[in-house]
Amino acid sequence: MQKIINTHCHIYPSKIASKAVENIGNFYDLNMSLNGTIEGLIEDGEKIGTVHYLVHSVATTPKQVRSINEFISTEINKFPDLFTGYGTLHPDSENIQEDIDYLISLGLKGVKVHPDFQQFALNEEKSFKLAEVVEDNNLPIMIHCGDFRYNYSNPEQLKGIIENFPDLSIIGAHFAGWSVWEESVEEFAGTPNLMVDLSSSLYDISPETAKDYIYAFGVDNVLFGTDYPMWISEEELERFHKINLTPEEENKILYENAAKLLGLI
């Protein structure tokens, strides 16, 4: 069976998971498929042979940063060979350097931000200050990108981060532009410090278009992810296979690119 790494997974404490999942579904007006717990993630991933997961969450207020990072760290330490964790930061925090020092001490390997949830624009001074701290600490940052309803994380906003921080390793979620995919590809194809994931994209774009986007960004720069608990892994993998890539290209996207990014090979 093909080895798979799922690079886009959100997990929540069991006592709030159902509410968190409901809120996300309402935010995007999409049906949520799974329960948002780490146990649910493992059960879903086992059905397609997932061997590793990159998990993360986001703080909607600065006060949440510490507790969320502690939760992610605690959960991944239960299954150290199965999980890599990214922590959260908030640009309105009083001391982002202190937050990132603690994040690193917890064993977290990168940062995840979601400007649309956290309500900050990427192309503003406080975003640049956050990006500078992440870059200075040599960590990768995964950014939720794109939303036709807002202008926090669309390509025109992401462009400022990319141009001002060329040494920052960026993962642009959802082909770096959920719901504005074409604009993202036109703006960022060939960007040296940008990887993208396929999560929450294949449900809405054709296999032919997805293939064009993958080739535009470069097969070596694309990661597989299901946006757990949004989509069922079996269904996402089926959508992925319909793109009709070569076995070598599929292996890179499903496993090899992420394994290199996460230091697994």
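Provided above is the structure to which this section pertains.
Residues numbered from 1 in each chain as written. Predicted model: local features only at pLDDT ≥ 70, side-chain atom pairs only at ≥ 80, totals over all residues. Heavy atoms only, no water.

Asks: Sorry if this is basic, but what is going on with a negative patch on the surface here?
Replies: Residues Glu156, Glu182, Glu183 and Glu186 make up a contiguous surface patch of negative charge. Per-element tally for the negative patch: the top contributor is helix α9 (residues 181-188), with three residues. Along the chain, the position of glutamate 186 falls in helix α9. What makes glutamate 186 exposed here is its relative accessible area of 62%. (Patch = residues over 30% accessible without salt bridge, like charges linked within 9 Å, V, L, I, M, F, W, Y side chains within 5 Å. Areas by Shrake-Rupley, 256 points an atom, 1.4 Å probe, with all protein chains shown as cover. Salt bridge = Lys/Arg side-chain N within 4 Å of Asp/Glu carboxyl O. Lys, Arg positive; Asp, Glu negative; His and termini not counted. Charge placed at Lys NZ, Arg CZ, Asp CG, Glu CD. Helix = DSSP H or I, 4+ residues; strand = E, 2+ residues; numbered from the N terminus. Buried < 20%, exposed > 50% of the residue type's maximum accessible area, 1.4 Å probe, protein only.)

Asks: I keep staring at α9 and nothing clicks. Help me out?
Replies: An α-helix turns once per 3.6 residues; consequently, residues spaced three or four apart project the same way. The set of residues buried in α9 consists of Trp181, Ser184, Val185 and Phe188. The arc enclosing the buried residues of α9, seen along the axis, measures out at 95°, which places them on a common side. Turned more than 90 degrees away from the buried face of α9, the exposed residues are Glu182 and Glu186. Looking at the packing, one finds that the buried side of α9 touches α7 (155-164), α8 (173-176), β8 (194-197) and α10 (207-217). Backbone geometry just downstream of α9 places glycine 190 in the positive-phi region, at approximately 85°. (Arc of directions from axis to C-beta. Contact = heavy atoms within 4.5 Å.)

Asks: So what exactly am I meant to see when it comes to the packing of α9 against α10 here?
Replies: Between two packed helices, the angle of one axis relative to the other and the distance separating the axes together describe the packing. It is the contact of α9 with α10, at a shortest axis distance of 10 Å, that shows an interaxial angle of 25°. When the axes of α9 and α10 are compared, the pair comes out roughly parallel. Once α9 is placed against α10, the crossing between them reads as left-handed. From α9, Trp181, Glu182, Ser184, Val185 and Phe188 reach across to α10, where they touch Tyr213, Ala216 and Phe217. Here the residues of the contact of α9 with α10 sort into six nonpolar, one polar and one charged. (Axes fitted to C-alpha atoms, helices over the stretch in contact; angles between N-to-C directions. Parallel < 35°, antiparallel > 145°, perpendicular 65-115°, else oblique. Left-handed = near helix turned anticlockwise from the far one by under 90°. Nonpolar A, V, L, I, M, F, W, Y, C, P; charged D, E, K, R; others polar.)

Asks: Whenever I open this one, the environment of lysine 159 confuses me. Can you help?
Replies: Structurally, lysine 159 is set in helix α7. By relative accessible area, which is 32% here, lysine 159 ends up partly exposed. Note: C-alpha distance between lysine 159 and lysine 211 (52 residues apart in sequence) is 23 Å. For lysine 159, the contacting residues outside a window of four places in its chain are Glu187 and Phe188.

Asks: Is there a simple way to think about the packing of aromatic side chains in this case?
Replies: Working definition: an aromatic ring pair is given by the centre-to-centre distance plus the angle between the planes. For the structure on display, the rule yields 14 aromatic pairs. Measuring from centroid to centroid gives 5.9 Å for phenylalanine 27 and tyrosine 150, while their planes differ by 20°, and the two rings are stacked. Of this pair, phenylalanine 27 sits in helix α1 (residues 14-28) while tyrosine 150 sits in the loop between β6 (141-143) and α7, and the two are 123 residues apart along the sequence. Clustering of aromatic rings is evident, with ring pairs tying together Phe27, Tyr28, Phe117, Phe148, Tyr150, Tyr152 and Trp178. Sitting over the face of the ring of tyrosine 102, arginine 66 holds its NZ or CZ atom 3.9 Å from the ring centroid. Taking the ring centre of phenylalanine 27 as reference, the NZ or CZ of arginine 149 above it sits at 4.9 Å. (Phe/Tyr/Trp six-rings, centres within 6.5 Å; stacked < 30°, edge-to-face > 60°. Lys NZ or Arg CZ within 6 Å of the ring centre and 35° of its normal.)

Asks: Help me understand the packing of α7 against α9 in this model?
Replies: At a minimum axis separation of 10 Å, α7 and α9 run at an interaxial angle of 30°. Classified by the angle between their axes, α7 and α9 sit roughly parallel to one another. Note that α7 runs across α9; the crossing there is right-handed. Residues Pro155, Glu156, Leu158, Lys159 and Ile162 of α7 lie in contact with α9, whose contacting residues are Glu183, Ser184, Glu187 and Phe188.

Asks: Looking at this model, I keep getting lost on the pattern of salt bridges. Mind explaining?
Replies: Close approach of charged atoms lets side chains of opposite charge pair. Tallied over the full model, the rule gives nine salt bridges. The salt bridge involving lysine 159 is made with glutamate 187; its shortest N-O contact spans 3.6 Å. Separated by 28 residues along the polypeptide, lysine 159 in helix α7 and glutamate 187 in helix α9 bring together distant segments of the chain. Residue glutamate 187 is classed as partly exposed on the basis of its relative accessible area of 36%. One salt bridge in this structure joins lysine 252 and aspartate 220, with 2.8 Å as the shortest N-O distance. In this pair, lysine 252 sits in helix α12 (residues 247-261) while aspartate 220 sits in the loop between α10 and β9 (222-223), placing the two residues 32 residues apart along the sequence. Each of the salt bridges in this network shares a partner with another, and the network as a whole consists of Lys159, Glu163 and Glu187.

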